[in-house]
Amino acid sequence: MPNKTLLIRNAESLVTMDAQRREIRQGGLFVENNRIVAVGPSETLPHSADEVIDLRGHIVIPGLINTHHHMYQSLTRAVPAAQNGELFNWLSNLYPIWARLTPEMIGVSTLTAMAELILSGCTTSSDHLYIYPNGCQLDHSIEAAAQIGMRFHASRGSMSVGQSKGGLPPDAVVEDEAAILRDTQRLIETYHDADRYAMQRVVVAPCSPFSVSRDLMREAAALARHYGVSLHTHLAENVNDIAYSREKFGMTPAEYAQDLGWVGHDVWHAHCVQLDAQGIELFARTGTGVAHCPCSNMRLASGIAPIRKMRDAGVPVGLGVDGSASNDAGHMMSEVRQALLLQRVGFGPDAMTAREALEIATLGGAKVLNRDDIGALAPGMAADFAAFDLRQIGLAGALHDPLAALVFCNLGAVAYSVINGRVVVREGQIATLDLPATIERHNRLAQRLVAG
Ligand SMILES: [Zn+2]
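Residues numbered from 1 in each chain as written. Predicted model: local features only at pLDDT ≥ 70, side-chain atom pairs only at ≥ 80, totals over all residues. Heavy atoms only, no water.

Looking at an unreviewed UniProt entry, the protein chain carries the name Hydroxydechloroatrazine ethylaminohydrolase, with the source organism given as Pandoraea thiooxydans. The record held by UniProt for the protein chain lists under Sequence similarities (unreviewed entry) the comment "Belongs to the metallo-dependent hydrolases superfamily. ATZ/TRZ family." (UniProt positions renumbered as here; feature names shortened; annotations may be inferred.)

Shown next, in the form of structure tokens:
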């Protein structure tokens, strides 16, 4: 089959996140099929291609990488009973609602959440689905990702320790541990693609130390390592989480993770707001990743994750919007902004720059997901990028520094998004989905789910 080519040219600024961190004026890139073959000033690139997009007046960035989400929660945003609690209270109010989820709800909420992410500059997302009532399966998320065309790391979450065994979730929403491991193995064998430019990877992801057993954590790690796939869970999210760990296991969450074999470059933990100095040192030494979710941490008053200390120590850090019931926005560039602002609240005005915040959401996310083919615009990288129109109202007066404008200002939706060489958003419209119809269907399902 002949190569299909795409030429992007005349971008006001093209942010590469390459080794030199080049920001190219009047920049462009040349794509063959799903990968970038050339990046540079427009006049240095080929003059024609199968498709040419002139991005005069736009800024182009590497596609953002979302390292933590629960997309089904898009159906339960701003639920009155769960608006004002901390993590455990918030979960306890939502579990009974989530127990009514159906396969159709998983599919439609995944499409909705992905559309929102893509329109905010995100091209790769993980999703952590850990509740499987009424025939719901991770397959329903994976099918939605393929439909919309998003690069996807599907995390097979699970809960096995219900209230009767001292866990937090009601018994009705937990699964049998042998069944969890069998289904996880089935998903890896059916969907996991280890190749470069993979659009679909599977992750082994028991929900959290307070909802599964020590055995399941250990066996999950063994399964993941047998297949060479990544591991993901929630860790050290707030002070109650720490207290549970000390009481139940006699250890800090980081010590527990180490004891279970849940450290290494193939592991990333969500939140880590309460990771202590020893934990930071352990994560840095072992290359264990962290998904930082600033909006969720603020929403649930979990605290300020010590991202400055983690980055200084060498811990890989990516960014996540977290589930839509604890954010309740799924806007990745806005999350970049919140990451910058929250570090400054905690650690001073020089705690994070705009460029570092964007780096966490691109190169940082790629590292956390254990990938070297996304996160930067350079020859040989996947053709994943987003373009924002610099002439929008939220950026008016900020064009002295277009990259910083994206982070500091209030930004609208992307003008273009290209994922794996395919134009998924064109002139602000998603090309792979009827968005208004999807939102309408999503809202109907949300109403049905919450009303019971
Ligand atoms: Zn989460």
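So that's the structure; there's more coming.
Novice: Which parts of the structure should I look at to understand the nonpolar core?
Specialist: Nonpolar side chains in soluble globular proteins generally cluster together in the buried interior. The biggest cluster of nonpolar side chains holds 148 residues, and the ones touching the most others in it are I61, W98, L101, M333 and F385. Among the elements that take part in this core, helix 2 (residues 103-119) stands out by supplying 10 residues, more than any other. Leave out the neighbours within four places in its chain, and M333 touches I61, L64, S120, L358, F388, L406, V407 and L411. One finds V203, A270, A366 and I374 within the second-largest nonpolar core, a separate group that totals 11 residues. (Core = buried A, V, L, I, M, F, W, Y, C linked by side-chain atoms within 4.5 Å. Buried < 20%, exposed > 50% of the residue type's maximum accessible area, 1.4 Å probe, protein only. Helix = DSSP H or I, 4+ residues; strand = E, 2+ residues; numbered from the N terminus. Contact = heavy atoms within 4.5 Å.)

Novice: How should I be thinking about the domain arrangement of the protein chain in this particular structure?
Specialist: For interface size, the figure often reported is the accessible area lost on association. If you check the domain split of the protein chain, you get domain 1 (5-63 + 374-430) and domain 2 (71-369). Counting residues at the interface gives 39 residues for domain 1 and 29 residues for domain 2. Summed over both sides, the interface of domain 1 with domain 2 buries roughly 2800 Å², with 65% coming from carbon and sulfur. Across the contact surface, domain 1 and domain 2 share four salt bridges. Between R21 and E359 there is a salt bridge, and its shortest N-O distance comes to 3.2 Å. At the junction of domain 1 and domain 2, the tally comes to 10 residue pairs in polar contact (both at pLDDT 80 or more). Sorting the residues of the side of domain 1 that touches domain 2 by element identifies strand 5 (58-62), strand 14 (385-389), helix 13 (402-408), strand 15 (416-419) and strand 16 (422-426) as the ones contributing at least two each. At five residues, helix 13 tops the list of elements feeding residues into the side of domain 1 that touches domain 2. Of the residues belonging to the side of domain 1 that touches domain 2, the class tally is 25 nonpolar, eight polar and six charged. (Domains from an automatic or database assignment. Buried area = accessible area lost by both parts, 1.4 Å probe. Salt bridge = Lys/Arg side-chain N within 4 Å of Asp/Glu carboxyl O. Polar contact = N/O pair within 3.5 Å; in protein donor to acceptor, adjacent residues only side chain to side chain. Nonpolar A, V, L, I, M, F, W, Y, C, P; charged D, E, K, R; others polar.)

Novice: Explain the packing of helix 3 (residues 138-148) against helix 4 (residues 177-191) here, please?
Specialist: The relative placement of two packed helices comes down to the angle between their axes together with the axis-to-axis distance. In the contact formed by helix 3 and helix 4, the axes pass within 11 Å of each other and the chain directions differ by 25 degrees. Considered as vectors, helix 3 and helix 4 are oriented roughly parallel to each other. Crossing of helix 3 over helix 4 shows right-handed handedness. Contact residues: helix 3 offers L138, D139, I142 and E143, while helix 4 offers R186, L187 and Y191. Of the residues assigned to the contact of helix 3 with helix 4, the class counts are four nonpolar, no polar and three charged. (Axes fitted to C-alpha atoms, helices over the stretch in contact; angles between N-to-C directions. Parallel < 35°, antiparallel > 145°, perpendicular 65-115°, else oblique. Left-handed = near helix turned anticlockwise from the far one by under 90°.)

Novice: Just to check I follow, could you spell out the UniProt feature "domain: Amidohydrolase-related" (unreviewed entry) in the protein chain for this structure?
Specialist: Per the UniProt record, the feature "domain: Amidohydrolase-related" (unreviewed entry) sits at residues 59-424. Measuring from the first to the last C-alpha atom of residues 59-424 gives 17 Å, for a span that is 41% helix and 16% strand.

Novice: So what exactly am I meant to see when it comes to the environment of I61 here?
Specialist: Inspection of the secondary structure puts I61 in strand 5. Remark: the alpha-carbon pair of I61 and S326, spanning 265 residues in sequence, is separated by 27 Å. Apart from residues lying up to four places away in sequence, I61 is in contact with V15, M333, L358, L377, F385, A386, F388 and L406.

Novice: Would you take a moment to explain a nonpolar patch on the surface for this structure?
Specialist: Taken together, I304, V345 and F347 make up a surface patch of nonpolar side chains, about 260 Å² in accessible area. Inspection of the secondary structure puts I304 in the loop between helix 9 (294-299) and helix 10 (307-313). (Patch = residues over 30% accessible without salt bridge, like charges linked within 9 Å, V, L, I, M, F, W, Y side chains within 5 Å. Areas by Shrake-Rupley, 256 points an atom, 1.4 Å probe, with all protein chains shown as cover.)

Novice: Even after reading the chapter, I still don't get the pattern of salt bridges, so can you show me in this structure?
Specialist: For the coordinates displayed, the defined rule picks out 29 salt bridges. For the salt bridge of R441 with E104, the shortest nitrogen-to-oxygen distance reads 3.1 Å. Taken together, the residues span a long stretch of sequence, with R441 in helix 14 (residues 435-451) and E104 in helix 2 at a distance of 337 residues. Taken together, the shared-partner salt bridges in this structure form one network comprising R21, R308, R311, D312, E356 and E359.

Novice: Please clarify how the coordination of the zinc ion should be interpreted in this entry.
Specialist: In an ideal tetrahedron of four donors about a metal, each angle is 109.5 degrees. In an ideal octahedron of six donors, the angles are 90 or 180 degrees. Coordination sphere of the zinc ion, protein contribution only: H68 (NE2), H70 (NE2), H234 (NE2) and D322 (OD), at 2.1 to 2.6 Å. Geometry at the zinc ion is irregular, judged from its four donor atoms and the angles of 86 to 174 degrees they form at the metal. For the zinc ion, the single-chain donor residues occur in sequence as H-x1-H-x163-H-x87-D. One end of the pair, H70, is in the loop between strand 6 (64-66) and helix 1 (87-98); the other, D322, is in the loop between strand 13 (317-319) and helix 11 (332-347), and 252 residues separate them in sequence. Exposure class is identical for H70 and D322. Each is buried. (Donors = N, O, S within 2.8 Å, 3.2 Å for Na, K, Ca; no water. Tetrahedral: all angles 85-135°; square planar, octahedral: opposite > 155°, others 65-115°.)

Novice: What's the story with helix 11 in this structure? I'm lost.
Specialist: Given 3.6 residues per turn, any residue in an α-helix points the same way as the ones three and four places further on. Between its first and last C-alpha atoms helix 11 spans 22 Å; for 16 residues at 1.5 Å apiece the expected length is 22 Å, and the two agree. Taken residue by residue, helix 11 has M332, M333, E335, V336, A339, L340, L342 and Q343 as its buried positions. (Expected span 1.5 Å × (residues − 1).)

Novice: Honestly, the pairing of strand 11 (residues 267-271) in this entry has me stumped. Any pointers?
Specialist: A regular strand places its side chains on the two faces of the sheet in alternate fashion. Summarising burial for strand 11: five of the five residues are buried, a large majority. Across five bridges, strand 10 (residues 231-235) lies against strand 11 in parallel orientation. Each residue of the ladder has a partner; that of L231, found in strand 11, is V267. Bridge analysis of strand 11 against strand 12 (residues 289-292) gives three bridges, and the strand direction is parallel. Within the sheet, the bridge partner assigned to A270 lies in strand 12 and is A291. For the handedness criterion, the β-α-β arrangement of strand 11, helix 8 (residues 277-286) and strand 12 is classed as right-handed. (Pairing = 2+ DSSP bridges. Right-handed = clockwise from strand over helix to strand, strands pointing away.)

Novice: How do you make sense of the packing of helix 2 against helix 3 when you look at a structure like this?
Specialist: At their nearest, the axes of helix 2 and helix 3 sit 8 Å apart, and the two run at 40 degrees to each other. Regarding the angle of helix 2 to helix 3, the classification is oblique. When you trace helix 2 past helix 3, the crossing you get is right-handed. On helix 3, the residues that touch P103, I106, G107, T110, L111, M114, A115 and I118 of helix 2 are H140, S141, A144, A145, Q147 and I148. By residue class, the composition of the contact of helix 2 with helix 3 is nine nonpolar, five polar and no charged.

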